[in-house]
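The lines below spell out each chain.
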Amino acid sequence: MSIESKRREALIYHAKPTPGKIKVVPTKKYATQRDLSLAYSPGVAEPCLEIEKDVSNVYRYTAKGNLVAVISNGTAVLGLGDIGPEASKPVMEGKGLLFKIFADIDVFDIEVDTKDVDAFIETVKNIAPTFGGINLEDIKAPEAFEIERRLKEELDIPVMHDDQHGTAIISAAALINALELTDKKVEEAKIVISGAGAAAISCTRLYKALGADPKNIVMTDSKGVIRSDRDHLSVEKKEFATSRDLHSLEDAMVNADVFVGLSMANLVTPKMLLSMAKDPIVFAMANPDPEIDYNLAIQTREDLIMATGRSDNPNQVNNVLGFPFIFRGALDVRATSINEEMKMAAVKALAALAKEPVPEQVNIAYGETRLNFGRDYIIPKPFDPRLIAKVPPAVAKAAMESGVATEPIYDWEKYEDELLERMGNDNKLVRLLLDRARTNPKKVVFAEADHLDVLKAAQTVMEEGIAFPILLGRKDIILELMSELDFDPNDITIIDPKADEEIERKNRYAKKYWETNNRKGITLYDAEKLMRERNYFAAMMVNEGDADALLSGYSRSYPSVVKPMLELVGLAKGATRIATMNVMMTNKGPLFISDTSINIDPSSKELAKIAQMTAKTVEMFGITPVMAMISYANFGSSKHPNASKVKEAVSYLHRYYPDLLVDGELQMDFALNRKMRKEKFPFSKLNGKKVNTLVFPSLDSANSTYKLLKEVNNSESIGPIMMGMRKPVHILQLGASVEEIVNMAAVAVIDAQEKEKRDRNHELLSNS
Ligand SMILES: NC(=O)C1=CN([C@@H]2O[C@H](COP(=O)(O)OP(=O)(O)OC[C@H]3O[C@@H](n4cnc5c(N)ncnc54)[C@H](OP(=O)(O)O)[C@@H]3O)[C@@H](O)[C@H]2O)C=CC1
Ligand SMILES: CC(=O)C(=O)O
Ligand SMILES: [Mg+2]
């Protein structure tokens with residue numbers, strides 16, 4: 001993607017569909033007059049009075065305990081400098097988003113229009129009652145030091161300047177591991193620090209606490225090496241001033257073991273890098289552009305351990321790995337501050353985690369085959385799901401041991417479960433799906449590529465490496481739309497089934513089709529005519545192996561697309577019917593629902609078959625299906641044929657698929673409410689399990705339910721996912737959104753990957 005396209009993409013991401021990145025969502029019911037009288041006047045007066053009596057009740061009755069303020073005055077925004085409070089807001093909203101997705105902490109971002117230290121401190125102090133913690137962000141040195149010091153003294157909630165301590169914690173963990181890998185000792189390592197601001201000073205202090213010798217440290221700022229003979233040095237700079245005969249960064253780099261950049265882009269040259277000692281460690285952490293470009297650095301020296309602050313290079317040393325988890329631990333024991341012990345506990349937990357075997361999910365998320373502790377993996381990745389269970393408990397324990405916790409935790413196992421549960425309800429599944437597709441992208445035909453949204457989706461899947469799209473449709477329209485989207489037609493196959501240039505392929509497909517259908521009244525002429533129709537043409541592409549998967553249906557009714565697919569592609573081996581499943585992203589995690597589009601009133605056997613196909617498809621997502629067969633009745637409470645049909649389907653499943661976690665017939669509330677189910681039906685096979693899959697007795701009920709969830713609950717939906725076809729063909733909902741099409745493309749790719757795996761196994765079996 002060109003720099004200009006990336007710039008535009010970033011601006012559109014922030015502007016659409018709603019400006020900004022976060023919003024406020026109520027956590028209590030507000031549907032009825034009664035709810036409102038509790039939420040607001042008169043009911044709200046009761047918690048107010050309780051808090052008036054005892055101020056610590058504010059944690060009990062309000063959101064304070066899970067609410068952090070991300071506060072900046074915009075004076076040191078990333079490496080962009082003093083760009084002002086408004087211009088810092090996207091970064092602060094970004095921190096809010098990261099707090100939420102990585103640690104389920106809510107954030108108000110607050111941009112303060114003052115550079116005056118007293119005024120800033122006064123502002124933060126005045127608003128502190130709202131918050132459980134204060135995360136100071138992107139405030140320049142030296143003001144940042146005084147601001148943090150005084151706020152820590154004057155407030156009894158955790159206050160942390162993220163750029164100082166978040167960065168120090170992460171880089172210290174990375175440094176410990178990098179030194180170990182290069183067989184160097186921290187006490188002996190010669191360390192050069194570029195930058196003498198908030199981040200640099202705090203990082204260097206922590207390295208000192210780890211054992212680094214101040215005699216081996218050289219720090220530079222915008223004027224060169226910080227020497228003891230320089231005038232007007234701040235107290236913090238004096239702390240690291242050297243009397244050695246060094247003046248520039250270039251001088252300082254000669255024979256250095258470690259370079260830590262917390263300054264500005266492109267200050268380090270290849271020549272400087274070459275002058276460093278053997279096995280140099282380079283943390284170029286300026287954002288968004290590091291002190292030396294990652295690729296340039298690794299091309300310059302092979303023996304290097306290289307890290308940057310960016311997510312698109314290996315070894316991302318960025319405070320994102322710290323602040324969500326440190327605050328999570330601090331809030332959970334209601335710590336009155338974040339102290340040295342808590343920071344050191346976080347350093348150790350992070351350094352240790354990097355040495356543990358990496359879960360497959362992390363490999364998938366980063367498109368890696370096997371991440372392993374080593375030069376390109378010195379620190380855990382931010383999407384590592386183990387972080388939430390490892391770092392906050394370490395921080396919380398250290399808070400308790402050092403005497404700053406006011407609400408101690410006693411049951412650590414329960415706490416760990418709660419942490420994992422907190423993270424269970426985000427859109428991880430979509431992420432996993434896209435990541436999984438990326439591990440082995442496949443050729444996907446977009447049969448309606450002459451529609452803008454379909455083309456946008458194709459562009460996204462290509463740029464994100466999810467699939468190799470093949471665009472089918474009117475070439476002139478596709479090319480015109482592509483130029484609007486800045487989508488380069490040179491990198492992609494565009495096919496117009498009606499164009500003369502496709503005549504050879506069309507005739508080949510027609511002949512093939514005719515050969516298998518000439519005894520069903522189809523003439524070669526009919527076949528040739530049919531191949532002008534895009535869905536027939538696209539289906540033949542998949543049949544003939546010219547594409548791995550197919551997506552269509554954006555502009556046509558469902559049955560009109562299903563028909564050619566069934567006719568040309570047909571059913572999978574052993575399948576007796578097709579059915580579809582939708583995945584709904586609800587606030588209780590993903591729910592798989594079937595059959596949402598095909599079978600109007602399946603018999604009990606057919607229903608059992610649908611359930612079995614659904615289970616297989618849920619497994620394709622890497623999730624174990626826990627399945628309820630839905631009815632208006634529970635376990636024989638109605639003898640009506642509609643309920644009996646479900647009952648019989650369950651008996652069939654229990655008999656032929658005894659390992660499947662399925663039960664019913666069950667009403668929806670008993671299916672989804674574990675407690676109700678256990679109390680009333682202690683014999684159910686599903687007890688102790690959270691149901692994630694619902695199989696409905698009819699198309700009416702399944703289709704209406706998923707659409708209801710989508711419209712009323714705003715749940716994102718993936719699907720309908722076609723089950724039972726011989727090849728990966730998937731049909732979009734009429735007018736699907738770009739996001740829905742992208743998700744379906746990922747499903748189609750995964751389906752093709754699975755098919756490839758099955759074919760390979762089959763081949764191995766038949767050869768053995
Ligand atoms: N990866 C990560 O997690 C993090 C990265 N950072 C990055 O660190 C950098 C500094 O942030 P922060 O400490 O908050 O900002 P500050 O404004 O507090 O400090 C900036 C420092 O950079 C120095 N500097 C500016 N130009 C040069 C130069 N040409 N040569 C050497 N030093 C120079 C300044 O020198 P002087 O004192 O003379 O003005 C100052 O000491 C930013 O790029 C930021 O993105 C920050 C936090 C986290
Ligand atoms: C990452 C960060 O906080 C910064 O660059 O300022
Ligand atoms: Mg910052």
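In the annotation of an unreviewed UniProt entry, the entry for the protein chain reads Allosteric NADP-dependent malic enzyme, and the organism field reads Aquimarina intermedia.

**Focus on the UniProt feature "domain: Malic enzyme N-terminal" (unreviewed entry) in the protein chain**
Per the UniProt annotation, the sites labelled "domain: Malic enzyme N-terminal" (unreviewed entry) are residues 19–152. For residues 19–152, helix accounts for 45% and strand for 12%, while the C-alpha atoms at its two ends are 34 Å apart.

**Digging into the site of ligand 2**
Around ligand 2 sit Leu-78, Asp-138, Asp-162, Asp-163, Asn-287, Gly-309, Asn-318 and Asn-319, and those are all the residues in its vicinity. Tallied by class, the residues present in the shell around ligand 2 amount to 1 nonpolar, 4 polar and 3 charged.

**Here we look at the nonpolar core**
If you look at the biggest cluster of nonpolar residues, it comprises 122 residues, and the most contacted ones within it are Ala-346, Leu-350 and Val-395. Take this core: its biggest share by element is 10 residues, from helix H8 (residues 162–181). Counting residues in hydrophobic clusters, the runner-up holds 104 residues, among them Met-462, Met-584, Leu-686 and Val-729.

**Thoughts on helix H26 (residues 604–620)**
The end-to-end C-alpha distance of H26 is 25 Å, a good match for the 24 Å that 17 residues give at a rise of 1.5 Å each. Turning to H26, its buried residues are Leu-607, Ala-608, Lys-609, Ile-610, Ala-611, Gln-612, Met-613, Thr-614, Ala-615, Thr-617 and Val-618. Within two residues after H26, Gly-622 carries a phi angle of roughly 80°, on the positive side.

**What to know about the domain arrangement of the protein chain**
Taken domain by domain, the protein chain holds domain 1 (46–157), domain 2 (165–318), domain 3 (322–424), domain 4 (432–568) and domain 5 (579–724). Spacing between the C-alpha centres of domain 3 and domain 4 amounts to 47 Å.

**Thoughts on the environment of Lys-16**
If you trace the backbone, Lys-16 turns up in the loop between helix H1 (3–15) and helix H2 (33–39). Linking Lys-16 and Asp-486, residues 470 residues apart in sequence, is a C-alpha distance of 18 Å.

Thresholds applied
Residues numbered from 1 in each chain as written. Chains lettered and ligands numbered in written order. Predicted model: local features only at pLDDT ≥ 70, side-chain atom pairs only at ≥ 80, totals over all residues. UniProt positions renumbered as here; feature names shortened; annotations may be inferred. Helix = DSSP H or I, 4+ residues; strand = E, 2+ residues; numbered from the N terminus. Near = placed C-beta within 6 Å. Nonpolar A, V, L, I, M, F, W, Y, C, P; charged D, E, K, R; others polar. Core = buried A, V, L, I, M, F, W, Y, C linked by C-beta atoms within 7 Å. Buried ≥ 20, exposed ≤ 12 C-beta atoms within 10 Å, placed from the backbone. Expected span 1.5 Å × (residues − 1). Domains from an automatic or database assignment.

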